[in-house]
Amino acid sequence: MKVYLSTDMEGTAGVVDWAQCVGDGPEAAAGRRLLLAEVNAAIDGAVAGGATEIVVNDSHSAMRNLPAGELGAHASYIAGSHKPLYMMQGLDDSFGACLFISYHGSIGAPAGMSHSYNPRAVVEVRLDGTVTGEAGINALVAAHYGVPVVLVTGDRCACEETAALIPDIHQAVVKEHVSRLAAHSLHPDRACALIRAQARAAVAAAGAASPPRLEPGVLEVFVRTTDIAEAASWVRGVERSGPRQLRIHGPDQLATYRSFCAAILLTRAVAEAV
Ligand SMILES: [Zn+2]
């Protein structure tokens, strides 16, 4: 079975501050080692659960956070910027399971470094009326291709928000939030052991799992300023439903996700200018 793994970084045990997950400083280097260990724990567990091929999509920041040669099980590695499907690049209907590793809570959640794609632009996202974070948004792509999302790892908020949309998903909660810049993490060894065990169970049961049921799959996005909303509305599939509110619904779930990503990219310059 082919297994797809989308990895973020803010949900890693021991990572609590942007200095640990952005840039090239010593703390970021240490953060990336912690992330690598968690990704490899998920890979080990997936292989133990029956995965025969793993594709890792680096979905965090510049999206090249991992040393390709140190990924387990000879996993292939999608890295770098300007990927058309962004956090879900590489997923298609040939995969039997999808894993979300080191995910974090949505922008309104008390989770560490909480955000929903762009913290400077996006105030809240709802998927079919339910407040969600990146896992829910990204699950649209898995739903489109009919791939079950079987595991989420990260902070408690990320796991609970994901389970609100995908109730049967396996979870590995590796830290509890204290504030947006503080958390109580498991020891990294224990976090990895938990991720390994949950990945194994999730992949072993993937054959009986269903793809996410995200119908009709309408995204409502609340943004910070009217200028951001105006720019986003230039994107196909994005309607302005209020002064700072967008409604995104394409002809299918993949189109909806692509419209969302285009709006995020287009609004980045506007958001950063204000
Ligand atoms: Zn991230």
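Residues numbered from 1 in each chain as written. Predicted model: local features only at pLDDT ≥ 70, side-chain atom pairs only at ≥ 80, totals over all residues. Heavy atoms only, no water.

(A) Local environment of the packing of helix α1 (residues 26–48) against helix α4 (residues 188–204). Running from N to C, α1 and α4 cross one another at 30°; their axes reach a closest spacing of 7 Å. It follows from the interaxial angle that α1 and α4 lie roughly parallel. Of the two elements, α1 crosses α4, and the hand of that crossing is right-handed. For the pair α1 and α4, the contacting residues are Leu-34, Ala-37, Glu-38, Ala-41, Ala-42, Asp-44, Gly-45, Ala-46 and Ala-48 in the first and Pro-188, Ala-191, Cys-192, Ile-195, Arg-196, Ala-199, Arg-200 and Val-203 in the second. Of the residues assigned to the contact of α1 with α4, the class counts are 12 nonpolar, one polar and four charged. (Axes fitted to C-alpha atoms, helices over the stretch in contact; angles between N-to-C directions. Helix = DSSP H or I, 4+ residues; strand = E, 2+ residues; numbered from the N terminus. Parallel < 35°, antiparallel > 145°, perpendicular 65-115°, else oblique. Left-handed = near helix turned anticlockwise from the far one by under 90°. Contact = heavy atoms within 4.5 Å. Nonpolar A, V, L, I, M, F, W, Y, C, P; charged D, E, K, R; others polar.)

(B) Spotlight on the packing of aromatic side chains. For the coordinates displayed, the defined rule picks out four aromatic pairs. Ring geometry for Phe-100 versus Tyr-103: centroids 4.7 Å apart, planes at 15°, classification stacked. Grouping residues by exposure puts Phe-100 and Tyr-103 together as buried. Here the aromatic rings of Tyr-117 and Phe-260 are separated by 4.9 Å at their centres, their planes lie at 80°, and the arrangement is edge-to-face. Of this pair, Tyr-117 sits in the loop between β4 (97–103) and β5 (122–127) while Phe-260 is found in helix α6 (residues 253–273), placing the two residues 143 residues apart along the sequence. Pair check on accessibility: Tyr-117 and Phe-260 agree, each one buried. (Phe/Tyr/Trp six-rings, centres within 6.5 Å; stacked < 30°, edge-to-face > 60°. Buried < 20%, exposed > 50% of the residue type's maximum accessible area, 1.4 Å probe, protein only.)

(C) Quick peek at the sheet that holds strand β7 (residues 149–155). A sheet is described by the order of its strands in space; here seven strands give the open sequence β3-β2-β1-β4-β7-β8-β9, paired in mixed fashion. Each edge of the open sheet is held by one strand with a lone partner, namely β3 (76–78) and β9 (182–185). The mean angle between the axes of side-by-side strands here comes to 20°, regardless of whether they run parallel or antiparallel. Taken together, the five bridges between β7 and strand β8 (residues 170–179) define a ladder with parallel strand orientation. (Pairing = 2+ DSSP bridges.)

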